Amino acid sequence: MNQNQSKYFDQDGNIDTANPAGDLKLMQVATSTYADAGILTSSTFDTGSPSTFYSLTFNPGAQPPQTGTDSAKFQFASATTTSPTSWNYLGPDGTSGTYYTGGVTSINAVHNSDQFFRYRVFLSSPNHNYTPSISDVAVTFASSCVPPGQVLFSGLTN
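Quick summary incoming for the structure in this document.

Quick notes on the rules
- Residues numbered from 1 in each chain as written.
- Predicted model: local features only at pLDDT ≥ 70, side-chain atom pairs only at ≥ 80, totals over all residues.
- Heavy atoms only, no water.
- Helix = DSSP H or I, 4+ residues; strand = E, 2+ residues; numbered from the N terminus.
- Buried < 20%, exposed > 50% of the residue type's maximum accessible area, 1.4 Å probe, protein only.
- Contact = heavy atoms within 4.5 Å.
- Core = buried A, V, L, I, M, F, W, Y, C linked by side-chain atoms within 4.5 Å.
- Pairing = 2+ DSSP bridges.
- Phe/Tyr/Trp six-rings, centres within 6.5 Å; stacked < 30°, edge-to-face > 60°.
- Lys NZ or Arg CZ within 6 Å of the ring centre and 35° of its normal.

Here we look at the overall build of the protein chain
A tally of regular secondary structure across the protein chain gives zero helices and 13 strands. Counting only residues that meet the buried cut, the protein chain has 39% of its 158 residues in that class. Taking contacts inside the protein chain between residues at least 6 apart in sequence as the whole, the part at least 24 apart equals 71%.

Brief notes about the nonpolar core
If you look at the biggest cluster of nonpolar residues, it comprises 21 residues, and the most contacted ones within it are Phe 74, Leu 123 and Ile 134. Contributions of two or more residues to this core are made by strand S4 (21–26), strand S8 (45–59), strand S9 (72–79), strand S11 (114–124) and strand S13 (136–143). When residues no more than four places from it in sequence are discounted, the contact partners of Leu 123 are Ile 15, Leu 24, Lys 25, Leu 26, Asp 36, Ala 37, Gly 38, Ser 71, Ala 72, Pro 132 and Ile 134. Among the nonpolar cores identified, the runner-up in size contains five residues, and Ala 77, Ala 79, Tyr 89 and Phe 116 belong to it.

Description of the sheet that holds strand S3 (residues 15–18)
Strand order across the open sheet formed by three strands is S3-S4-S12, with antiparallel pairing between neighbours. Strand pairing shows two members of the sheet lacking a second neighbour, S3 and strand S12 (133–134), which therefore form its edges. Relative to S4, S3 runs antiparallel, the two sharing three bridges. What sits directly across from Ala 18, in S4, is Ala 21.

Some remarks on the packing of aromatic side chains
All told, the structure shown has nine aromatic pairs when counted by the stated rule. Pairwise contacts between aromatic rings join Phe 45, Phe 53, Phe 58, Phe 74, Phe 76, Phe 117, Tyr 119 and Phe 141 into one cluster. A cation sits over an aromatic face here: Lys 73 above Tyr 99, 4.1 Å from the ring centre. In this structure, Arg 118 is placed above the aromatic ring of Phe 9, and the distance from its NZ or CZ to the ring centre is 3.9 Å.

Structural notes on unusual backbone geometry
Keep in mind that most residues, glycine aside, have a negative phi and that most peptide bonds are trans. Look at the link from Asn 19 to Pro 20: it is a cis peptide, with omega at -5 degrees. One can find Pro 20 in the loop between S3 and S4. Omega for the bond connecting Asn 59 with Pro 60 falls within 30 degrees of zero, at -10 degrees, which places this linkage in the cis form. Inspection of the secondary structure assignment puts Pro 60 in the loop between S8 and S9. One non-glycine residue with positive phi stands out, namely Ser 32, at about 65 degrees. The topology assignment puts Ser 32 in the loop between strand S5 (28–30) and strand S6 (33–34).

Put into structure tokens, the structure is as follows:
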């Protein structure tokens, strides 16, 4: 696993985060061909206090048809501490066997009352000439530190 704590917690080496900067796509392995699949785990986010999680949004929600069904999918993990013994990545039904897909989805209520979260993105394509890509990821939540309708920006540099 590769780590870059300022950008993400870890990844399997098959996700390109630098071309263009900030976007996620499969790593190019040869001229115009991409890896089959890749996994990236986000950094840990602190909501400031126990929170209610509402939705996970990612753009673009629709991927090129050549990349296949659900070529970009997510799982969500939350915890009450910054260093849980393990992060349990779950899908929309609250189990590890499902994934958030399609751009905007409701986060399962099993995560409510936790303060810290991570997401894991899974990219795949059966066609080596095409890659799914993710340009934006957003988690909508409310807490005593960030009431509904407000925005929290943490860890920004001057």
